[in-house]
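Each chain, written out:
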Amino acid sequence: MNKGKVDVLLGLQWGDEGKGKVVDVLTPKYDVIARFQGGPNAGHTLEFEGQKYVLRSIPSGIFQGGKVNIIGNGVVLAPDLFMDEAKALEASGHELRSRLHISKKAHLIMPTHRVLDAAYEAAKGKNKVGTTGKGIGPTYTDKVSRNGLRVGDILENFEQKYVERKARHEQILRSLNYEYDITEVEKKWLEGIEYLRQFPIVDSEHEINQILKSGRSVLCEGAQGTMLDVDFGSYPFVTSSNTICAGACTGLGIGPNRIGDVYGIMKAYCTRVGAGPFPTELFDETGTRIRDLGHEYGAVTGRERRCGWIDLVALKYSIMVNGVTQLIMMKSDVLDGFDTIKACVAYKQNGVEIDYFPYNIEEGIEPVYKELPGWKTDMTKLTSEEQFPEAFVNYIHFLEAELETPIKIISIGPDRAQTIVRK
């Protein structure tokens, strides 16, 4: 933690790395938690005190010690889904309204954005990207084309602005001959707009920079993962925002000189949801076993995650583009029972071995594996690093040497308490 700095926490793989749990664990060290990109397609799961929570838009620091949480300008927000999420938290005893601040510059996901999402996917046929259907892509498209509706717009002449943008979407949908009915969704969405008005709607870039100027600390929470970044991920099978560290600057309005530590989160293996290339994907019983042991189903969509061995080529690339200073390894316990653990250390592309992440990984990529002995130990009850089995220690040292970055935190189960900070 760096006073007067922002530390950034983000995923290094294709999302679902366990960011929510780690934010929750780290929150006591920080004064403010800020979400900088993505939308309700990202489900961050937290478990503690016998309860399980899935956060879609609200930062994962909301449970700890009355800290201020900020939804930054880089986030896209669905008022109806936000309302459901916030009301569920309030019903379970978590007070939000005074300490959850929302940027005026965050863009709103309209009901017609979801319809457009479905219509565009249907038009792509077999080339569909595999979106979550939450309207994320069309909302970011409107943002970039300067046709967006922002949270700050609900404070003045909102109805006129909404009707104008809705009419534009309806024109596009007519051109696609796409049938839809948003009557019920729109009714709830407008309720969500009224609910949103009850929260502090702020100039978040000014607020965050004043917080930093006063010497307080901020943890920036990313959504999705580096390999889903719109610029540096496995395009076009990516999300619509910048999921990398640079996205924290543009998604919150902070200068690069304010970045302190960059925490990169990875699983001890690898998963992916939806379509797109995945070099280490397993189509055999091992892949199914990892999925079942790791409960690898989407927190928001429920979709089965594709599973495979850890990909060190992709991880080195992610560490490079993010400037990662510390690694956090999740779900180590899922591999507790395996005799042999594999790690991809290079690719063969068209018969030539390469050790870097290439422009195109869709075709002709074959993983080159190194095999390591499994630790064959139930680690879920361990409470300190000293209790780690020797084979697991060797696995950690192997990863640190390959990735040239220290692994500082290791998760050995879903609960907040099942987290070991290394010395």
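Above this text you will find the structure in question.
Calculation rules
Residues numbered from 1 in each chain as written. Predicted model: local features only at pLDDT ≥ 70, side-chain atom pairs only at ≥ 80, totals over all residues. Heavy atoms only, no water. Pairing = 2+ DSSP bridges. Helix = DSSP H or I, 4+ residues; strand = E, 2+ residues; numbered from the N terminus. Phe/Tyr/Trp six-rings, centres within 6.5 Å; stacked < 30°, edge-to-face > 60°. Buried < 20%, exposed > 50% of the residue type's maximum accessible area, 1.4 Å probe, protein only. Lys NZ or Arg CZ within 6 Å of the ring centre and 35° of its normal. Axes fitted to C-alpha atoms, helices over the stretch in contact; angles between N-to-C directions. Parallel < 35°, antiparallel > 145°, perpendicular 65-115°, else oblique. Left-handed = near helix turned anticlockwise from the far one by under 90°. Contact = heavy atoms within 4.5 Å. Nonpolar A, V, L, I, M, F, W, Y, C, P; charged D, E, K, R; others polar.

**Q** Before we go on, may I ask you to explain the sheet that holds strand S9 (residues 201-202) in this structure?
**A** Two strands in a sheet stick together by hydrogen bonds in their backbones, pointing the same way (parallel) or opposite ways (antiparallel). Spatially, S9-S7-S5-S2-S10-S1-S11-S15-S19-S20 is the arrangement adopted by the 10 strands of the open sheet, whose pairing is mixed. The sheet is open, and its two edges are formed by S9 and strand S20 (419-421), each paired on a single side. Pairing of strand S2 (residues 32-35) with strand S10 (residues 218-221) involves four bridges; the strand directions are parallel. Counted as the bridge partner of Ala-34 is Cys-220 from S10.

**Q** Help me understand the packing of aromatic side chains, please; the structure alone is not making it clear to me.
**A** The description of an aromatic ring pair rests on the distance of the ring centres and on the angle between the ring planes. Applying the stated criterion across every chain, the model contains 13 aromatic pairs. Relative to Phe-199, the ring of Phe-82 has its centre 5.2 Å away and its plane inclined at 70°; by these criteria the two rings are edge-to-face. Placement of Phe-82 in helix H2 (residues 79-91) and of Phe-199 in the loop between helix H6 (183-196) and S9 is noted, with a sequence separation of 117 residues between them. For Phe-82, a relative accessible area of 0% puts it in the buried group. We classify Phe-199 as buried; its relative accessible area is 4%. In this structure, Arg-289 packs its charged tip against the face of Phe-338, placed 4.0 Å from the ring centre. The ring of Tyr-369 is capped by Lys-342, whose NZ or CZ atom sits 5.5 Å from the centre of that ring.

**Q** For this particular structure, what's the right way to read the packing of H2 against H6?
**A** Any two packed helices are characterised by how steeply their axes cross, that is the angle between the axes, and by the distance between the axes. The N-to-C vectors of H2 and H6 enclose an angle of 60°; their axes lie 7 Å apart at closest approach. Overall, the two elements H2 and H6 adopt an arrangement that is oblique. When you trace H2 past H6, the crossing you get is left-handed. Taking contact as the criterion, the partners of Pro-79, Asp-80, Phe-82, Met-83, Asp-84, Ala-86, Lys-87 and Glu-90 in H2 are, on H6, Val-185, Lys-188, Trp-189, Glu-191, Gly-192, Ile-193, Tyr-195 and Leu-196. Looking at the contact of H2 with H6 residue by residue, the classes come out as nine nonpolar, one polar and six charged.

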